[in-house]
Each structure stands twice: as C-alpha cells, then as structure tokens.
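Here are the chains, one letter per residue:
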Amino acid sequence: MIGFVGAGRVGAQAALEVASLGVDDVVLVDIVPGLAEGEELDISHKLSETGVDVSVTGSSDYSNIRGATVVVITAGLARKPGMTRMDLLGKNAGIVSSVAKEAARYAPDAVLITVTNPMDVMNYVVQRATGFPKSRVVGMGGVLDLSRFKHVLSLKLGVSRSSIMALVIGEHGENMLPLARYTSIGGVPLTSILNEKEIEETIQSTRQVAIDVISKKGATVDAPANAIARMVKAVAWDRREVLPASTFLDGRYGVEDVGIGVPLMLGAKGVEKVYELELDEKERAQFMKGVETIREGVAALPPL
Ligand code: NAI
C-alpha cells in the first residue's frame, strides 16, 4: 500500500496517478476534515469506470497507513506568487516533522518520499524526525526539474520529447543545475547541437518556468504528480530506476551531511546507489551554491 500524507493539489493528483496505474492500494491522509474522504470517492469513481481494482481510502487518521511500503509527504504550505521555496521553511518544518513521525510510527519499514518545499531541507527534517536510515528517505525534485528542461529543449530544437535524455541535479530551487554536458538528443550530445549562449538561455528558462506556472495557475500540479508517480513505481515495483533525486551525501561530490539532488538508483530498498559525476568548474560552483543554500536552510530550522 502507498500512503499519501497531504491530500491537497499535488498529493491528490499523485495519488490519482499511482492508483490509475494500478501500482498498489492507496491511502490518503489530510488534516482538513473530509478532504481525503472526498478524494477517496472521486478517485474511486474514476477507477470504477476505467476498471482498475486497487482500493483508495482517505481520512484524517494516520493509522490507515499502517504497513505502507512507500509514504509520500506533500503536507504543508505551498508557494504563493512572489515567494521562494525557502520562504516556506519555518512553517513547513513543524508540519513535516510531525507528519513524518506519524508515518514512521505506522509505516516503520516504508521508503519516504519528501515533496514539501523547500524540499531538500524538508528531506533533512524527515530523516531527523524519523531516524530512518538515510537510504529510505529521498526527496522529489530532480525528475520534475528535468521534465521542465526537456520541455524547454523540445521547443528550442523542435524534436520529439521522447528523444531527449536530460539530467538536472543540485538544489531543488534557485540553484538547480541542468547539466547540458550530460544531456543528449537521441544519443547526440546537446553540447554539439547548441552553442554556449543557447545552452545558457535554455538553463535560465528552465529555472524560471516553475514561477511562471505558479503565477499563471496558482500551483504546479501535473508535472510534480507525474514525477512522484515515477518515483513511487520505482520503489513499489523495485525497478532500480536511475533518476535524479535528493539524497544525503557522505563525502561524494566533496560534500558531507547535506542532502541534495544527484543521480541515484531507486528500488525497493530506497536509494540503492548514488552516482558521482565529474563536474566542471562552473557546474561545481552552482552545485556548491545549492549546498550552501541548503546548509543555511538547515541552520535556520526551528528546534524539531
Ligand atoms: P496544497 O495546499 O494544495 O496541499 C497541502 C495539503 O497539506 C493541504 O491539503 C493541507 O490540508 C495538508 N496539510 C497541512 N498540514 C497537514 C498536517 N499536519 N497533516 C496532514 N496534512 C496537512 O499544496 P500543494 O500544491 O499540494 O503543495 C504541497 C507541497 O508540495 C508544498 O510545500 C509545495 O511547495 C510542494 N511542492 C513541491 C514540489 C517538488 O518538486 N518537490 C512540486 C510541487 C509542490
């Protein structure tokens, strides 16, 4: 069973995707009375028509996630236009810490996927609050960021989206690091197709797009839900998928004790392998800016 703590826009959409794919039974929990029950009904109605036989349950009772193999945490406040992810820090730390403890109580063997922003810092909060092994706490950011990079590239190059293999690592925030050198179009290195200035433009557009979505429709929902579903599938089906996500570095990339987005293998045990990439000077400077921002976020946390 897959638990979703937070049945707001992103949590509910991700639960819908996971249930629609028939990955496993789904349980939603939200603090707002009735909200998760409403999602239970709405999603179940869809599944009844499409003929998918997984059960969907929604309530405010955490005991319903007992025994979950994966718990997705989206509980907390979302960004409003003009806010950075870091503006959410203090408020969301308290919420995330308390819901993570509930998740650990009822699903002590689960892999936890942190989504709430600022995600890399909240992923630290989840690990600290639960005491789970670091391999079983992983943050969603990179898959979403790379979906945005792919979109920008598909428009720029006029190629099928399916031909683009992109990679975005680093902080899930202002310092995200789209890696043009590790991006290919059907195997052809992006760096042999676009010049440096064009690449820089695509990187800037990729950093900007989340703000555009928030200012236009109020929240980012569909692409994050898809990214969450991909990570849930990787764990639930033990796909050992290699994707960028936030994990705790133990000296790799020259970084100790900070969780940040890097390519990793995700399977039933959680983070099964972390891949270390060679970064050039400019990429490394951006990566380290992200590390510093996350460190500052962690240092600014209220007592957990
Ligand atoms: P939302 O406001 O629609 O949903 C959040 C839900 O959390 C609400 O339903 C609220 O009642 C619930 N909640 C609050 N406190 C709770 C508690 N103590 N226990 C259980 N539920 C609680 O927000 P949305 O748009 O779903 O975003 C959720 C979070 O995910 C935000 O922090 C947002 O910034 C973040 N986000 C992160 C992304 C990423 O790439 N990591 C992408 C998109 C959103």
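Structure first, text after, so check above.
Quick caveat, the model's predicted, so the values are computed rather than measured.

The rules we used
- Residues numbered from 1 in each chain as written.
- Predicted model: local features only at pLDDT ≥ 70, side-chain atom pairs only at ≥ 80, totals over all residues.
- Heavy atoms only, no water.
- Helix = DSSP H or I, 4+ residues; strand = E, 2+ residues; numbered from the N terminus.
- Rg over C-alpha atoms; globule rule 2.2 N^0.38 Å.
- Buried < 20%, exposed > 50% of the residue type's maximum accessible area, 1.4 Å probe, protein only.
- Areas by Shrake-Rupley, 256 points an atom, 1.4 Å probe, with all protein chains shown as cover.
- Lys, Arg positive; Asp, Glu negative; His and termini not counted.
- Charge placed at Lys NZ, Arg CZ, Asp CG, Glu CD.
- Phe/Tyr/Trp six-rings, centres within 6.5 Å; stacked < 30°, edge-to-face > 60°.
- Lys NZ or Arg CZ within 6 Å of the ring centre and 35° of its normal.
- Axes fitted to C-alpha atoms, helices over the stretch in contact; angles between N-to-C directions.
- Parallel < 35°, antiparallel > 145°, perpendicular 65-115°, else oblique.
- Left-handed = near helix turned anticlockwise from the far one by under 90°.
- Contact = heavy atoms within 4.5 Å.
- Nonpolar A, V, L, I, M, F, W, Y, C, P; charged D, E, K, R; others polar.
- Patch = residues over 30% accessible without salt bridge, like charges linked within 9 Å, V, L, I, M, F, W, Y side chains within 5 Å.
- Salt bridge = Lys/Arg side-chain N within 4 Å of Asp/Glu carboxyl O.
- Pairing = 2+ DSSP bridges.
- Core = buried A, V, L, I, M, F, W, Y, C linked by side-chain atoms within 4.5 Å.
- Near = heavy atom within 4 Å.
- Polar contact = N/O pair within 3.5 Å; in protein donor to acceptor, adjacent residues only side chain to side chain.

A. Representation of the overall build of the chain in the model. A count of helical and extended segments in the chain gives eight helices and 14 strands. The globule rule puts the C-alpha radius of gyration for 304 residues at 19 Å, and the 19 Å found for the chain is close to it. For the C-alpha atoms alone, the extent of the chain along its principal axes is close to 55 × 45 × 35 Å. A total of 304 residues make up the chain; the buried ones form 53% of that total. For the chain, the accessible area works out to roughly 13100 Å², and carbon and sulfur atoms hold 51% of it. Between the mean site of the 32 positive side-chain charges and the mean site of the 37 negative ones, the chain shows a separation of 2 Å.

B. Focus on the packing of aromatic side chains. Within the structure shown, the criterion is met by one aromatic pair. With a centroid separation of 5.1 Å and an interplanar angle of 25 degrees, the aromatic rings of Tyr-253 and Phe-287 are classed as stacked. Of the two residues, Tyr-253 is situated in the loop between strand E12 (241–250) and strand E13 (256–267) and Phe-287 in helix H8 (residues 281–299); the sequence distance between them amounts to 34 residues. Judged by relative accessible area, Phe-287 falls into the buried class, the value being 0%. Directly above the ring of Phe-132 sits Arg-136, whose terminal nitrogen or CZ lies 4.5 Å from the centroid.

C. Quick peek at the packing of helix H3 (residues 89–106) against helix H4 (residues 119–130). For the pair H3 and H4, interaxial distance at closest approach is 8 Å and the crossing angle is 40 degrees. When the axes of H3 and H4 are compared, the pair comes out oblique. Handedness of the crossing formed by H3 with H4: right-handed. Contacts from Leu-89, Asn-92, Ala-93, Val-96, Ser-97, Ala-100, Lys-101 and Ala-104 in H3 reach Val-121, Met-122, Val-125, Val-126, Ala-129 and Thr-130 in H4. Here the residues of the contact of H3 with H4 sort into 10 nonpolar, three polar and one charged.

D. Quick peek at the environment of Ile-73. Relative to the assigned elements, Ile-73 resides in strand E4 (residues 70–73). For the pair formed by Ile-73 and Gly-58, sequence separation is 15 residues and the distance between their alpha carbons is 15 Å. Sequence-distant contacts of Ile-73, that is, excluding residues within four places in its chain, are made with Val-5, Val-99, Ala-100, Ile-113, Thr-114, Val-115, Thr-116 and Val-126.

E. Spotlight on a nonpolar patch on the surface. Where nonpolar side chains cluster on the molecular surface, the patch consists of Ile-31, Val-32 and Leu-35 and spans about 280 Å² of accessible area. Considering the arrangement of structural elements, one finds Ile-31 in the loop between strand E2 (26–29) and helix H2 (35–50).

F. How the structure looks around the sheet that holds strand E11 (residues 188–189). Pairing in this open sheet of three strands is antiparallel, and the strands run E7-E10-E11 from one edge to the other. In this open sheet, the two strands that pair with only one neighbour each are strand E7 (164–165) and E11. The pairing of E7 with strand E10 (residues 184–185) spans two bridges and is antiparallel. Counted as the bridge partner of Met-165 is Ser-184 from E10.

G. Representation of the nonpolar core. Phe-4, Val-71 and Phe-287 are the most contacted members of the largest nonpolar core, which has 86 residues in total. When near neighbours in sequence (up to four residues on either side) are disregarded, Phe-287 contacts Ile-169, Gly-170, Leu-177, Leu-249, Tyr-253, Val-255, Ile-260, Gly-261, Val-262 and Leu-279.

H. Highlighting unusual backbone geometry. Residue Asn-117 is joined to Pro-118 through a cis peptide bond whose omega torsion reads -5 degrees. Relative to the assigned elements, Pro-118 resides in the loop between strand E5 (111–114) and H4. Phi at Asp-238 takes a positive value of approximately 50 degrees, unusual for a residue other than glycine. We classify Asp-238 as partly exposed; its relative accessible area is 39%.

I. Highlighting the site of the ligand. The environment of the ligand is formed by 27 residues, the closest being Val-10, Asp-30, Leu-77, Met-140 and His-172. Take Val-115: an N or O atom from its main chain is 2.9 Å from a nitrogen atom of the ligand. At a separation of 3.0 Å, an oxygen atom of the ligand approaches a polar side-chain atom of Asn-117. When the ligand sits alone it has 860 Å² of accessible area, and the protein chains cover 88% of it. Elements that contribute at least two residues to the shell around the ligand include exactly helix H1 (9–20) and H3.

J. Local environment of the pattern of salt bridges. For the structure shown, the criterion picks out 12 salt bridges. For Asp-280, the salt bridge goes to Arg-181, with nearest N and O atoms at 3.6 Å. Separated by 99 residues along the polypeptide, Asp-280 in the loop between strand E14 (270–274) and H8 and Arg-181 in the loop between strand E9 (177–178) and E10 bring together distant segments of the chain. For Glu-241, the salt bridge identified is with Arg-230, shortest N-O distance 2.4 Å. Of this pair, Glu-241 sits in strand E12 while Arg-230 sits in helix H7 (residues 222–236), and the two are 11 residues apart along the sequence. Overall, the relative accessible area of 13% leaves Glu-241 in the buried class. Among the ionic contacts, a cluster of salt bridges with common partners joins Lys-156, Lys-197 and Glu-201.

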